[in-house]
Amino acid sequence: MSAALKRRFVEQIKVMFGAEPQKPALIEERALKVHQLKRMTNKAELAAAKEAHRAREKNHKWRNWRWATLIFVNLLFVVSYHFDIQLLEGALTASRFAGFHLIDLNSALQVMLAHKHIITNLLIGTGTVLVLWILLGGRTFCSWVCPYHFLAEWAEKLHLFLVQKKIVTDTPIDRRWRTVSWVIFALLALVTGYTVYEAISPTGIVSRALIYSSGILAMLWVLALLVFEVFFMRRAWCRYACPIGLTYGVVGIISPLRVKYTLQGCFHEGDCRKVCLVPHVLDTVIKGRAVDTEVPIGPDCTRCGLCVDTCPTGSLKFDIKGLAKLM
Amino acid sequence: MSENDTPKVGADETASPPVQGAAGTKPPLSKERRLQARRRALRTFLLGAGVFGAALSGYLPVAYAQKKRLRPPGALDEKDFLASCIKCGQCVQVCPVQAIKLADLSDGFGVGVPHIDARDQACDFSCDAVQCILACPTGALTYKKPAYMSVRPGAKLANKPILLAKEHDPEPTLNLTERIGVARLTRPESCLAMQGKSFKGQARGPDFKGKLRYMSVDRWKPIKVADHPYDVELCDLCVQACPIKGAITLETVITADGRQRKTPVVHEPCVGCGVCEMICPTEPASIEVLPGEGWRGES
Ligand code: SF4
Ligand code: SF4
Ligand code: SF4
Ligand code: SF4
């Protein structure tokens, strides 16, 4: 890793906890050269190339795979219960896959804080899940599994449509709130001895409603969240509140799987930033910001692949750290 | 910009002109930006308070829990139980009679926490091995409580309960060390046995969905209570249906007016499963299980 990338790595972690992305203080020589070159290129030529790329058909490859996976996993829970095939038992907070304990990291954390006592099964389940998400890339859980994410994605479409029609405006808030909320929920669990967060976690509520058709009233809270997101704040829950997202983001720090940015062909038109749930991780695509010719996207990225699908030049790609070296 | 710059409301901010380009400090934000930032901070605070409030509202019903609920067998004491249950519903999944339900908002004691509504469907140990305990990943349901955890007074069972359905098996007991409640004849005046009355027909009417394992029908498979009509000289349905050996019997008592009556009497082996409450044909049930109660001696 180059010195500039090392710096950026640390900065990306700060950004995950809510810091605003800054202009890089250190940029590698080779990246500087590319930035320079881009400034010298004929503007008209660049514009024409941009147009040509953008005119390409919309690509939804990763999104389709992702939706298919998300629906499949959640359906597997439902089917396992209703037809008693005992393949994937439980709900998203804790489950058993073909006998293996799987326990959601954030739920386990809440239980440990509230109960102040850890039992072996809990530890085993958390361990399996930890290894799984380290390999798959932390916040991959959000976009590839979380059923609330799926609903929120549709709410987001509606929101963007209304924004475009100038019926509503997006009113972002301070991203540091997510970190504060994580701490508050941890403290609440510790002090009350009760998993307070689980009572309002839309992830758990939707999952249980799907599987057991229970907690229909609690779904009203989820509906309220979605309505809020449609009319007031784009992706409010996932961006500014959800502690699950932050927990998995922390796991994402060490995940080898991530999206990688290549400076060379990028036109800096920012289509990727427009579709991203966490656009702060894509600050690197802003003109002159990339610290190296190849920059891995930060841990808060949910690996949803929307930017990969959207990028007309293929400058964003899924990547596994160290794999290129191995092969 | 000139229009925006005339001080109207936010006069306090413009009282002293911002120092331009002081060494080492960031250039001051424009008024517009400052206002934006302030509004954003306010929104952040409001939304934060909103989420926080919603979270606390999820806790309130737990703090003020009015009504005790029957938990699945092997449940830790209420506070420990609520702390350790991860709300996965794996206990729900393994129960052959679907006795365990997950709570909703209106149930007022924690969204997603499992409980048993015995009157609708009691746990009759159809699974033979208390499978819900086996399924629980967090130890919220447990065969053996760790030593440092509190035991409710009277919760401890004197002996491991003998499951009538397994009475002749090499291992006839249930792996339970504590009861989840105790049955009590809460409405003796309405009890048919107390009144010396017979009972004929479906215990809970033709529309009742609850199931029960009748050993005389099938040792393995529970059937609908509605499919198993009774015809008894003197009602003793609760005694007949109880799955635990020696938990309840019909005894003779002398009432205040000196007459001899039969009455169901609950004994120490009662684990609090609630089958008696489910089967009792009177409306409301004459016998009920008191969730979380301990054994206080026969009354
Ligand atoms: S941030 Fe939370 S709610 Fe949003 S996708 Fe991730 S886990 Fe789901
Ligand atoms: S299996 Fe255990 S943790 Fe899961 S819902 Fe039942 S009691 Fe709670
Ligand atoms: S007396 Fe009632 S609650 Fe007690 S074990 Fe028998 S059926 Fe269950
Ligand atoms: S089933 Fe009900 S009415 Fe009949 S003896 Fe038992 S308590 Fe009395």
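Residues numbered from 1 in each chain as written. Chains lettered and ligands numbered in written order. Predicted model: local features only at pLDDT ≥ 70, side-chain atom pairs only at ≥ 80, totals over all residues. Heavy atoms only, no water.

Colleague: Describe the overall build of chain B, listing the residues and the values that go with them.
Modeller: Scanning chain B from terminus to terminus reveals eight helices and 10 strands. For chain B, the residues scored as buried account for 48% of the 299 residues in total. When the accessible surface of chain B is split by element, carbon and sulfur atoms take 57% of a total near 15,300 Å². (Helix = DSSP H or I, 4+ residues; strand = E, 2+ residues; numbered from the N terminus. Buried < 20%, exposed > 50% of the residue type's maximum accessible area, 1.4 Å probe, protein only. Areas by Shrake-Rupley, 256 points an atom, 1.4 Å probe, with all protein chains shown as cover.)

Colleague: Explain the sheet that holds strand β1 (residues 88–91) of chain A residue by residue, including any values.
Modeller: Residues and elements named next belong to chain A. Strands sit in the order β1-β2-β3 across an open sheet of three strands; the sheet is antiparallel. Lying at the two open borders of the sheet, with one neighbouring strand each, are β1 and β3 (100–103). When the angles between neighbouring strand axes are averaged without regard to direction, this sheet yields 15°. Where strand β2 (residues 94–97) lies against β3, four bridges are found, and the strand directions are antiparallel. Residue Arg96 lies in a different strand from β3, and its bridge partner there is His101. (Pairing = 2+ DSSP bridges. Axes fitted to C-alpha atoms, helices over the stretch in contact; angles between N-to-C directions.)

Colleague: Provide a residue-level description of the pairing of β1(A), including the pertinent values.
Modeller: All names here are of chain A. As paired strands, β1 and β2 are joined by four bridges and run antiparallel to one another. In the sheet register, Gly90 faces β2, and the bridge partner there is Ser95. Connecting the antiparallel pair β1 and β2 is a turn made up of two residues.

Colleague: Residue-level account of the side chain of B:Asp104, with values.
Modeller: Inspection of the secondary structure puts B:Asp104 in the loop between β1 (100–102) and β2 (114–116). The buried charged residue B:Asp104 lacks any salt bridge partner; its closest oppositely charged side chain belongs to A:Arg208, at an N-O distance of 8.5 Å. Among the polar contacts made by the side chain of B:Asp104, one reaches the main-chain amide nitrogen of A:Ile216 at a distance of 2.9 Å. Filtering out sequence-adjacent residues up to four positions away, B:Asp104 remains in contact with A:Gly215, A:Ile216, A:Leu217, A:Ala218 and B:Val111. (Lys, Arg positive; Asp, Glu negative; His and termini not counted. Salt bridge = Lys/Arg side-chain N within 4 Å of Asp/Glu carboxyl O. Polar contact = N/O pair within 3.5 Å; in protein donor to acceptor, adjacent residues only side chain to side chain. Contact = heavy atoms within 4.5 Å.)

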